[in-house]
Amino acid sequence: MNQHLTKLSNLQQRIIAALIGGIAIIGAIYWNQWGYFGVFFLICGFTLREFYQLVGLDGNAPLTYYGTFTGLCIFLLTFLIEKKLIGIEHYFWISPIASVIFFIKLYKKNEKKPFTNIAFTFLGIIYVAIPFSLLNICVFLEDAVYSYQVILGCLFLLWASDTGAYFAGTYFGRTKLFERVSPKKSWEGSIGGLCSALIVASLLAYFFTDLKYWHWYCIAIIIVVAGTYGDLVESLFKRSMDIKDSGASIPGHGGFLDRFDGLLLSAPFIVTFLRIFA
């Protein structure tokens, strides 16, 4: 299938991949909480592995497999605790599981900078696994009742923001947003993303009633602002690795980091907002 897609233009690849991936993700989330868990468990794992592989391109040696395992354990524990299948005391498992990273590196021979690699291993967990794990708090807002509306709404807003920014930036982009890090991003694109997100927020406020209407507008603003910074942070990361895309896993979109970078930085702010105000 990838061979056929490579013959198409970048925009055509983006549309086809977005439709296929979007339908799969939406279907899994709408199905039930286990569908949501399965799809985001996979996304978290693929994104973590991709992050460690990119870090390795710069001559580093993070613990790719164990770091991914640790991140997925955090995601699993957060899901089970928020669903109230196990008690909150099981969060203590995170400390010993993560501490094993030091033991493994202690027995690695011929490493010039073991603590640099330890730091990159933990960075992957902090940058990727924890934000994805925080989404579990979003989907179980009250009494462990699963709310597909919250996570779907956040994704719709993220996709609307990305789409609006892409087309507005392509056709109207003139004023550079942060040229030092990402020369192609423009203020016009950001405004286009904000307008698209607010339009979708209005639709969500009408059809999705698990949150109040003003909650959706606030989440839209959070996603546009934090998501833009998330995109810039990932661009800074790629620039430090001297690469264009984080991968080629998703035709027309690059890798999983390229596709979900906005969500990674938005998730902590969204969860905080929902827990305090919703």
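Residues numbered from 1 in each chain as written. Predicted model: local features only at pLDDT ≥ 70, side-chain atom pairs only at ≥ 80, totals over all residues. Heavy atoms only, no water.

The protein is annotated in an unreviewed UniProt entry as Phosphatidate cytidylyltransferase of Xanthocytophaga flava. Word for word, the UniProt comment on the protein under Subcellular location (unreviewed entry) is "Cell membrane". (UniProt positions renumbered as here; feature names shortened; annotations may be inferred.)

Novice: Before we move on, could you go through helix α4 (residues 64-82) and cite the residues and values that matter?
Specialist: For α4, with 19 residues, the first-to-last C-alpha span of 27 Å sits near the 27 Å given by 1.5 Å per residue. Burial analysis of α4 places 16 of its 19 residues in the buried class, which makes it a mostly covered element. A positive backbone phi angle near 65 degrees is found at lysine 84, which sits one or two residues after α4. (Helix = DSSP H or I, 4+ residues; strand = E, 2+ residues; numbered from the N terminus. Expected span 1.5 Å × (residues − 1). Buried < 20%, exposed > 50% of the residue type's maximum accessible area, 1.4 Å probe, protein only.)

Novice: Please set out a nonpolar patch on the surface residue by residue, giving values where relevant.
Specialist: On the surface, a nonpolar cluster with roughly 410 Å² of combined accessible area is contributed by Leu194, Leu198, Ile221, Val225 and Tyr229. Of all the elements in the fold, those that place two or more residues in the nonpolar patch are α8 (187-207) and α9 (213-241). For the nonpolar patch, the leading source of residues is α9, giving three residues. With respect to the element layout, leucine 194 can be found in helix α8. (Patch = residues over 30% accessible without salt bridge, like charges linked within 9 Å, V, L, I, M, F, W, Y side chains within 5 Å. Areas by Shrake-Rupley, 256 points an atom, 1.4 Å probe, with all protein chains shown as cover. Salt bridge = Lys/Arg side-chain N within 4 Å of Asp/Glu carboxyl O.)

Novice: Let's hear about the packing of aromatic side chains: which residues, and what values?
Specialist: Counting across every chain of the model gives 28 aromatic pairs. Look at tyrosine 36 and tyrosine 146: their rings are 6.2 Å apart centre to centre, the planes differ by 40 degrees, and that puts the pair in the tilted class. Within this pair, whereas tyrosine 36 is found in helix α3 (residues 33-56), its partner tyrosine 146 is found in the loop between α6 (114-139) and α7 (148-172), the two being separated by 110 residues in sequence. Considered together, tyrosine 36 and tyrosine 146 belong to a single accessibility category, that of buried residues. (Phe/Tyr/Trp six-rings, centres within 6.5 Å; stacked < 30°, edge-to-face > 60°.)

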